[in-house]
Amino acid sequence: MAKQKNHFVEGCVENGMKREKAEELFKLIETFAAYGFNKPHAASYAMTAYQTAYMKANFPVEFMAAVMTAESGDSDKIARAIEECKRLEIVVLPPDINHSDLGFTIQDLKSLSKTDLERGLTEVAVKIRQGIRFGLSAIKNVGDLAINSILSARRKDGEFKTIMDLCARVDTRLVNKKALESLIKAGAMDTLGSRAAQLLILDQCLEESHKIAKNKISGQVSLFGESDNDIVSIKLPEVDELPLEQLLIFERDLLGFYLHEPPFLAKLSQLDEFVSVKVLDLTDEHIGQKLTLGGVVTDVKKVLTKKSQAEMAFVRISDGIGEIECVVFPQTFGQTKEFLLKDNVILIWGRIDKREDQLSLVADNATLFEPESAQKVERSLEIIVPPGIGVDILQQINGTLREYPGDVSVSILLPNGGNTPKRMVLPFSVNPGEVLEGQIKNLLGEGAFRRV
């Protein structure tokens, strides 16, 4: 700081200012620098937070549509936003080739299509007049150039009637086979026919659309002066729709959430009170903690250990929003493999680990999730430390907590000079029974032990 002061003062003196005045001015600048940046920075964030809260409170549909459009490239954040919409009782309408835009848009629920009505949205429509239509940009493998080609064709000649109509009117160099497959599998073209039927004739439609494009370039027309686009018609085959399990896989992979209600959805919606934390809420702070997670088994990969050739498994579970891999070693797998089957909703206990920059759970045990008999989990424990507590007492608290390992996370709230207490999340979890509660209260007082 002395170097900066000398440079500033000498510069001022060279420009005609008295040295005493220059030094006085630098003292003012030096004092301001200690807090001047933080204050306007905090004020700016506070103003932004206020404006954001105001918009969400007074224009929730518009606000959530904007949030999802901004986060359309991140399926995890979209899943979180959809959960928030459910909490706010805002309808999120599925993607639709004839109604969706590039981003998420607001749609009057009175104009719902027959397909939307069949998806059971009418009960909510009675309460809310507006919903949010899923944006096409949030579907994986469908780029902005492809979407702009679709929107341009729709604005020019109206809604698409069939998959062939769509292929003939868009630029299939941009809306290629992969993009069309993704649109079909994600349910964006359900108003044009079943997904199974459209996937069967997609190649044929693309082949015909390429012929139409070539004819347009060469200026050819049919015998009666009509364009090939007017006369080509490919009928959808009468086939059964894809199995629900396959539709769910497509929807989860391409959208990040389910359009159809899976058989296990009712159980997933009841998990909150039985797990330590939701999968998407897991962070590096949870590494090393013993937690209870829950979800539907989406994949089971069995392998044999190198040393003993014992069977173990890598099991992926999803709580409907986030997914995590669970490592189940031989002893645990032998005791739980009857539960670890695809589409089973399970509770699984273990330690949070990190492998190749991905959080995982090393399982200790697992069981089928039965809400009627499962034990509810206490999510977190707070230890409130009153002012004046010395380091020796804090060390006793640490030792006491470690004597009761479990799956409930612990935070220590330390005094902070009259301000909001400073929170310190401990790197281990506990079993907050009555004995532990009594010991903490003996050390810190009656109000020191709080379950949250």
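Above: the structure in question.
Report on the accompanying structure. Every value quoted in this text rests on a predicted model; they were computed, and no experiment measured them. (Residues numbered from 1 in each chain as written. Predicted model: local features only at pLDDT ≥ 70, side-chain atom pairs only at ≥ 80, totals over all residues. Heavy atoms only, no water.)

### Describing the sheet that holds strand E2 (residues 105-108)
Heads up, the rule is: DSSP calls a pair of strands paired once it identifies at least 2 bridges connecting them. Helix and strand definitions follow DSSP, with helices as H or I runs of at least four residues and strands as E runs of at least two, each counted in order from the N terminus. Lines fitted to C-alpha atoms define the axes here, with helix axes fitted over just the stretch in contact, and angles between the N-to-C directions of these axes take values from 0 to 180 degrees. Here, residues are in contact when the closest pair of their heavy atoms is within 4.5 Å.
Taken in spatial order, the three strands make up an open sheet running E1-E3-E2, and their pairing is mixed. For this open sheet the edge positions go to strand E1 (91-93) and E2, each flanked by a neighbour on one side alone. In this sheet, adjacent strand axes meet at a mean angle of 40° when their direction is disregarded. Along the sheet, helix H4 (residues 60-70) contacts E1, E2 and strand E3 (130-133); its crossing angle with E3, the most-contacted strand, is approximately 5°.

### Section: the pairing of strand E6 (residues 323-328)
Taken together, the six bridges between strand E5 (residues 311-318) and E6 define a ladder with antiparallel strand orientation. Bridge pairing in E6 links Ser318 to Glu323. In this antiparallel pair of consecutive strands, E5 and E6, the connection spans four residues, and Gly320 shows a positive phi of 95°. Across three bridges, E6 lies against strand E8 (residues 358-368) in parallel orientation.

### Digging into the nonpolar core
Inclusion rule: In these notes, a set of buried Ala, Val, Leu, Ile, Met, Phe, Trp, Tyr and Cys residues joined through side-chain atoms within 4.5 Å is what counts as a nonpolar core. Buried, partly exposed and exposed residues are distinguished by accessible area as a fraction of the type maximum, computed with a 1.4 Å probe on protein chains only: under 20%, between the cut-offs, and over 50%, respectively.
Ranked by internal contacts, the top residues of the largest apolar core, which has 49 residues, are Met68, Ile132, Phe134, Ile139 and Leu183. The residues contacting Met68, other than those within four sequence positions of it, are Ile78, Ala81, Ile82, Cys85, Val92, Phe104 and Ile132.

### Thoughts on H4
Within H4, the full set of buried residues consists of Val61, Phe63, Met64, Ala65 and Met68. The elements touched by buried residues of H4 are helix H3 (38-58), helix H5 (75-87), E1, E2 and E3.

### Here's the deal with H5
Cut-off, in case you're wondering: For a helix, the expected span equals 1.5 Å multiplied by the number of residues minus one.
Compared with an ideal rise of 1.5 Å per residue, which puts 13 residues at 18 Å, H5 spans 19 Å between its outermost C-alpha atoms and is within 8% of the ideal. Tucked inside the fold, the buried residues of H5 contact H3, H4, E1 and E3. Looking one or two places after H5, you find Glu89, whose phi comes out positive at around 60°.

### Overview of the pattern of salt bridges
Quick note on the threshold: What makes a salt bridge here is a side-chain nitrogen of Lys or Arg within 4 Å of a carboxyl oxygen of Asp or Glu, nothing more.
On inspection of all chains with the given rule, the structure shows 22 salt bridges. One salt bridge in this structure joins Arg355 and Glu325, with 3.0 Å as the shortest N-O distance. Of this pair, Arg355 sits in strand E7 (residues 345-355) while Glu325 is found in strand E6, placing the two residues 30 residues apart along the sequence. Since its relative accessible area comes to 21%, Glu325 is described here as partly exposed. Across the pair Glu382 and Arg423 runs a salt bridge whose closest N-O atoms are separated by 2.8 Å. A residue pair is termed long-range when its members are at least 10 positions apart, and Glu382 in strand E9 (residues 380-384) and Arg423 in strand E11 (residues 422-430) qualify at 41 residues. Among the charged side chains, a network of salt bridges with common partners joins Lys56, Glu84 and Arg87.

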